[in-house]
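# Observations on the model geometry
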Amino acid sequence: MKKRMFACFLALATLCGGAWAKNKVIDRPAFKSTSTNDLLPVKVELTKTATIVHFRMACAHWRDWSMDGARLECSGQRYAYQEGRIITHKGKEVLIDEAFEIGKKYVKNAQQDSVILCFEPMPKGAKTFHYVEADNDGAWKIRGIRLDNQLYPLALPPYQRPVDDGEPLQPLTPKHGEATATCILHGGGSFDYFGPSSCDPITGQYESRSLYADSVTVYRHPAYVATRSVWLGCRVDAGMHIDQFPLILIPGETLTLEVDATACLARDGNFAAGRPTNHDCYRLGGTLGDLNQVLLENSFLHFRDIKGLPTYNGGDTSGWCDALWQSIDTLHRGVAERRGYTRRQQDFLRLLLEDYYVRTVQAHTLTDPHARDLMLFRDGRSYYLPPIADRLPYLKANGLDHGEVYEMLKGFADAKEKAAQMRQGHVLPDSVIQTAHPYFRPILRAFNDTTRVAAERLQREAKERMMPTPDVAGAQLLQTIASQYSGKAVFFDLWATWCGPCKKGIAAMEPLKEQLKGKDVVFVYLTNESSPIDEWSKYVIKIPGQHYRIPNTLWNQIPNLGSIPQYYLYNRQGQEVWQQTGFSEKALKDMEKRIAEIVSE
């Protein structure tokens, strides 16, 4: 076996020009950034006649792969690929050893693929180099591969844990406004964004936005009290399930997140030079930094994945509630002590755990012997977590249906119900708005005014285009609408005002609609409540056709609807004959052909 492995390397040495006695070998070199986890450099050999890079193909066991090119870059110069070998092995046993071919598709396998590539020699004294597959955006690129067996310097100062001043978590006074977060990304070569895009829980409008400037991202989201968001980028904490950092944002409070992307890469990599710690990789600041530290270090609470807690197996719930409460209490003490949390952080951790406890209990029973022991729902500390209207039955069943927090939660649920009517285009009389909780009245009045303006404009300019939603289940919705245009072809376009490809497809189809004017073809546009009614009304006026704005619950019942834009075509007999997901020039030509066939029947 050793002879076979030696033969592999000897062949490559001969292939690349020899001089092996004077090689400089760097095992598991550190690098600054990478565009992929599909391949990793595990060894670099420098000779007078070649630079030899060994890669582990991490993607080989789960998908087919190919390499469309290969080169090295150092100090602004390019060094061409010469030859290479691909080796498939099981542990140390070599199963396949053959010449590597650029552009060839290699089939996935259950073993391990390694690739050894030979390039032109780099200049003496080179400190770092880049590996580049190609220049296109999706190509593999590994930047700043070091040749000195060292890690890159840390971008952030040494971590200092917050000093515990003994101050508890103070109650919040609700404040409607923008919840913000700022991320500063050090090291480059990575991406980051806040998401997924979330809508206002009352108006349903998507108003969150991110502002980008070099390595800084600022996220803003309108909120009433606390709101949840997720930062997606490199894995800032080794304990995170995935590359997502759940955040709590609150209007009037501040949060900054600094991330050293290169340190994150080194911590998760297997570099010979060692690895940084979690706290070398990120810093949290602002008035909410310490609380989001708790959420980051206990992300299992966000993903609701706590192992080892008592499960309910039927029968009396009181004993199970006692055991669950005790387990939550033990978990709180253990985590707080192990992490060295301040009193304020301990209180926030308690809120997170109690929220999990109530959610778990409510899934089986409303009656809870520990409801009155909760910190949650007691005072303004509850506003550090997003409001959940579904907690109202639990509070009422346990005699907690009074006080500021209960009234606020009840008012939130009522405001959502009133706004749901507005989202359907109904303008509410001010006497109805007046019955809302005082905190939510200004929000509802503003949304009602927006609804009124949109409705009045639609009535003036596009009344004949705006259609009522049929009272049927989602599975029968398209069929029901198509039957209203018996004897005609009906083309359905499912879209949204925020969907760029949808709007591109609508604009591209306008010439086709002009050609078919006067023919037996009806163009029907369907959207849901994610399209703000004021924005939707502008498009209704601009886009000829029949327009429906349907409830989200009905939209979610439409069969085979995954993403948008989604297109359906029904023939003169009301039968579906064609469907397409996504817009393209090819899809447009297919639409033209299919519609022409039906019209000519």
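Residues numbered from 1 in each chain as written. Predicted model: local features only at pLDDT ≥ 70, side-chain atom pairs only at ≥ 80, totals over all residues. Heavy atoms only, no water.

### A word on the pairing of strand β17 (residues 256-260)
In terms of strand pairing, strand β11 (residues 177-186) meets β17 through five bridges, oriented parallel. The partner of Cys183 across the bridge, within β17, is Leu257. (Pairing = 2+ DSSP bridges. Helix = DSSP H or I, 4+ residues; strand = E, 2+ residues; numbered from the N terminus.)

### Digging into the packing of aromatic side chains
A complete count under the given rule lists 17 aromatic pairs for this structure. Here Tyr224 and Phe440 contribute two aromatic rings whose centre-to-centre distance is 6.0 Å and whose plane-to-plane angle is 65 degrees, an arrangement assigned as edge-to-face. With a gap of 216 residues between them, Tyr224 in the loop between β14 (216-223) and β15 (227-232) and Phe440 in the loop between α8 (430-433) and α9 (441-461) connect regions that are remote in the sequence. Through pairs of rings, three or more aromatic residues link up here, namely Trp65, Phe100, Tyr106 and Trp140. Directly above the ring of Trp325 sits Arg350, whose terminal nitrogen or CZ lies 5.1 Å from the centroid. Sitting over the ring of Phe523, Lys513 keeps its end group 5.5 Å from the ring centre. (Phe/Tyr/Trp six-rings, centres within 6.5 Å; stacked < 30°, edge-to-face > 60°. Lys NZ or Arg CZ within 6 Å of the ring centre and 35° of its normal.)

### Notes on unusual backbone geometry
Of the consecutive residues Ile564 and Pro565, the connecting peptide bond is found in the cis state with omega at 5 degrees. A positive phi angle, close to 40 degrees, is found at Arg28, a residue other than glycine. Locating Arg28 in the fold gives a position in the loop between β1 (24-27) and β2 (33-34). If you check the backbone angles, Asn149 has positive phi at about 55 degrees while not being a glycine. Judged by its relative accessible area of 38%, Asn149 falls in the partly exposed class. (Buried < 20%, exposed > 50% of the residue type's maximum accessible area, 1.4 Å probe, protein only.)

### A closer look at the side chain of Asn571
Here Asn571 lies in the loop between β22 (566-570) and β23 (576-581). At a separation of 3.0 Å, a polar atom in the side chain of Asn571 contacts the main-chain amide nitrogen of Gln573. Apart from the residues within four sequence positions on either side, Asn571 is in contact with Lys488, Ala489, Val577 and Ile598. (Polar contact = N/O pair within 3.5 Å; in protein donor to acceptor, adjacent residues only side chain to side chain. Contact = heavy atoms within 4.5 Å.)

### Quick look at the sheet that holds strand β13 (residues 209-213)
On the basis of which strands lie adjacent, the open sheet formed by five strands has the order β13-β14-β11-β17-β18 and mixed pairing. Edge positions in the sheet fall to β13 and β18 (282-285), since each has one partner strand and no second. Strand after strand, the sheet turns through a mean of 15 degrees between neighbouring axes, direction not considered. In terms of strand pairing, β13 meets β14 through five bridges, oriented antiparallel. By the bridge assignment for β14, Ser210 is matched with Tyr219. Across the sheet, helix α2 (residues 261-268) lies against β11 and β17, angled at about 55 degrees from β17, the strand it touches most. (Axes fitted to C-alpha atoms, helices over the stretch in contact; angles between N-to-C directions.)

### Topic: helix α11 (residues 500-515)
Remark: the principal bend of α11, roughly 35 degrees, maps to Met509, with a proline, Pro511, within the next four residues. Against the buried residues of α11 lie β19 (489-494), β20 (521-528), β22 and α14 (585-599). (Bend = angle between axes of the 7 residues up to and from the residue.)

### Some words on the packing of helix α7 (residues 403-423) against α9
Closest axis-to-axis distance for the α7/α9 pair is 10 Å, and the angle between their directions is 10 degrees. Classified by the angle between their axes, α7 and α9 sit roughly parallel to one another. Where α7 abuts α9, its residues Ala415, Lys418, Ala419, Met422 and Arg423 lie against Leu444, Phe447, Asn448 and Thr451. The class makeup of the residues in the contact of α7 with α9 is five nonpolar, two polar and two charged. (Parallel < 35°, antiparallel > 145°, perpendicular 65-115°, else oblique. Nonpolar A, V, L, I, M, F, W, Y, C, P; charged D, E, K, R; others polar.)

### Some remarks on the side chain of Asp493
Mapped onto the elements of the fold, Asp493 is located in strand β19. The side chain of Asp493 is buried and forms no salt bridge, while Lys513, the nearest opposite charge, is found at 7.7 Å. (Lys, Arg positive; Asp, Glu negative; His and termini not counted. Salt bridge = Lys/Arg side-chain N within 4 Å of Asp/Glu carboxyl O.)

### Observations concerning the state of the cysteines
Scanning all chains against the criterion turns up one disulfide. In this model Cys499 forms its disulfide with Cys502; the gap between the sulfur atoms is 2.3 Å. Taking the sign of the torsion about the S-S bond as the criterion, the disulfide between Cys499 and Cys502, at about 75 degrees, is right-handed. The burial state of Cys499 is the same as that of Cys502; both residues are buried. (Disulfide = S-S within 2.5 Å.)

### What to know about the nonpolar core
Membership of the largest hydrophobic core comes to 85 residues, with the highest contact counts inside it found for Trp231, Val259, Phe348, Tyr357, Tyr394 and Phe440. Setting aside chain neighbours within four positions, we find Tyr394 in contact with Tyr357, Val358, Val361, Gln362, Leu366, Asp368, Ala371, Leu374 and Phe377. Counting residues in hydrophobic clusters, the runner-up holds 52 residues, among them Leu494, Val524, Tyr570 and Phe583. (Core = buried A, V, L, I, M, F, W, Y, C linked by side-chain atoms within 4.5 Å.)

### A closer look at the pairing of strand β8 (residues 112-119)
Counting buried positions along β8 yields seven of eight residues, so the element is predominantly enclosed. In terms of strand pairing, strand β4 (residues 51-57) meets β8 through seven bridges, oriented antiparallel. Within the sheet, the bridge partner assigned to Ile52 lies in β8 and is Cys118. Two elements, strand β6 (residues 77-90) and β8, share eight bridges in a ladder whose sense is antiparallel. Bridging from a neighbouring strand, Gly84 pairs with Leu117 of β8.

### Description of the packing of helix α3 (residues 289-297) against helix α5 (residues 343-362)
Contact pair α3 / α5: the axes reach a minimum separation of 9 Å and the direction vectors enclose 50 degrees. What the angle tells us is that α3 and α5 run oblique. Handedness of the α3/α5 crossing: right-handed. Residues Asp290, Leu291, Gln293, Val294 and Leu295 of α3 lie in contact with α5, whose contacting residues are Arg344, Gln345, Phe348, Leu349 and Leu352. A breakdown of the residues in the contact of α3 with α5 according to their chemical character gives six nonpolar, two polar and two charged. (Left-handed = near helix turned anticlockwise from the far one by under 90°.)

### Some points on the pattern of salt bridges
The final tally for this structure, using the stated rule, is 29 salt bridges. As a salt-bridge pair, Asp379 and Arg381 come within 3.0 Å of each other at their nearest N and O atoms. In this structure, the salt-bridge partner of Asp590 is Arg594, at a minimum N-O distance of 3.6 Å. A residue pair is termed a helical-turn pair when its members lie 3 or 4 positions apart in one helix, as Asp590 and Arg594 do in helix α14 at four residues.

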